[in-house]
Amino acid sequence: LHYYPSPPPAEGDKEILDDDWCATHLDHGCLTGLTSAMFVDETAAADQILHPDTKQTVLPPLPELAASPDAKAGLYIQNRNGETVQVKIPRDCIAFQTGEALQRITEGKFKAVPHFVKGVRPGVGEGAIARNTLVVFTQPNLGELVDTRSGITFGEFARGVVEKNTTK
């Protein structure tokens, strides 16, 4: 997933939302695998260069930052006590979070994890800071039951999630 640099606030805007990179939500699959976040400064992308062999304009490589310039930027979850907690996955690790389908399949034995992503606040650090992470979503086949009581398949459940999130 690529999270673009946060735009500067509009004139007169005093409030910056906590979930400006990705709003609070539940994944609708079973498990989501996540790598650690990689932060890059996209300012260098403005400086296009001419490739010596192909003579085409290309973007220079964007160096990875050692860490986010904003310690508050990143992934947040709501824990089982209802507290919002920042999650920092170490570089040599992968994390998993549970989704809504797994909660339904296990009849609540596993709980879906509400989460959001907070962007780098404008004015914190230098440049245009973006966030990247590799995410793998796992889910049942579309015809598999996720709710035995109601007989809902994963396909029906997923369509309902999409409809709820796209209907105004």
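Residues numbered from 1 in each chain as written. Predicted model: local features only at pLDDT ≥ 70, side-chain atom pairs only at ≥ 80, totals over all residues. Heavy atoms only, no water.

1. Things to note about the overall build of the protein chain
Counting its regular elements, the protein chain contains 2 helices and 14 strands. Taken over the C-alpha trace, the protein chain has a radius of gyration of 19 Å; the compact-globule value for 168 residues is 15 Å, which it surpasses by more than 25%. By principal-axis analysis of the C-alpha atoms, the protein chain measures approximately 60 × 45 × 40 Å. For the protein chain, the residues scored as buried account for 29% of the 168 residues in total. When the accessible surface of the protein chain is split by element, carbon and sulfur atoms take 55% of a total near 11,100 Å². Side-chain charges in the protein chain split into 16 positive and 22 negative, and the spacing between the mean points of these groups amounts to 6 Å. (Helix = DSSP H or I, 4+ residues; strand = E, 2+ residues; numbered from the N terminus. Rg over C-alpha atoms; globule rule 2.2 N^0.38 Å. Buried < 20%, exposed > 50% of the residue type's maximum accessible area, 1.4 Å probe, protein only. Areas by Shrake-Rupley, 256 points an atom, 1.4 Å probe, with all protein chains shown as cover. Lys, Arg positive; Asp, Glu negative; His and termini not counted. Charge placed at Lys NZ, Arg CZ, Asp CG, Glu CD.)

2. Notes on the nonpolar core
Counting 11 residues, the largest nonpolar core consists of Tyr 3, Trp 21, Leu 34, Phe 39, Ala 73, Leu 75, Ile 89, Val 117, Val 120, Ile 129 and Val 135. Apart from residues lying up to four places away in sequence, Val 135 is in contact with Leu 1, Thr 32, Gly 33 and Leu 34. In terms of nonpolar packing, the next biggest core, distinct from the first, is built from 8 residues, Ala 101, Leu 102, Ala 158 and Val 161 among them. (Core = buried A, V, L, I, M, F, W, Y, C linked by side-chain atoms within 4.5 Å. Contact = heavy atoms within 4.5 Å.)

3. Comments concerning the sheet that holds strand E4 (residues 38-41)
A sheet is described by the order of its strands in space; here 3 strands give the open sequence E1-E11-E4, paired in antiparallel fashion. Single-partner strands in this sheet number two, and they are strand E1 (2-3) and E4. As defined by bridge partners, E1 adjoins strand E11 (residues 129-132) across 2 bridges and the pair is classed as antiparallel. Paired with Tyr 3 across the bridge in E11 is Arg 131. (Pairing = 2+ DSSP bridges.)

4. Let's talk about the environment of Arg 131
Assignment of secondary structure puts Arg 131 in strand E11. Residue class for Arg 131 comes out buried when judged on its relative accessible area of 7%. C-alpha separation for the pair Arg 131 and Ser 68, spaced 63 residues apart in sequence, amounts to 8.6 Å. With residues near it in sequence (within four places) discarded, Arg 131 still touches Leu 1, His 2, Tyr 3, Trp 21, Ala 37, Met 38, Phe 39, Gly 74, Leu 75 and Val 117.

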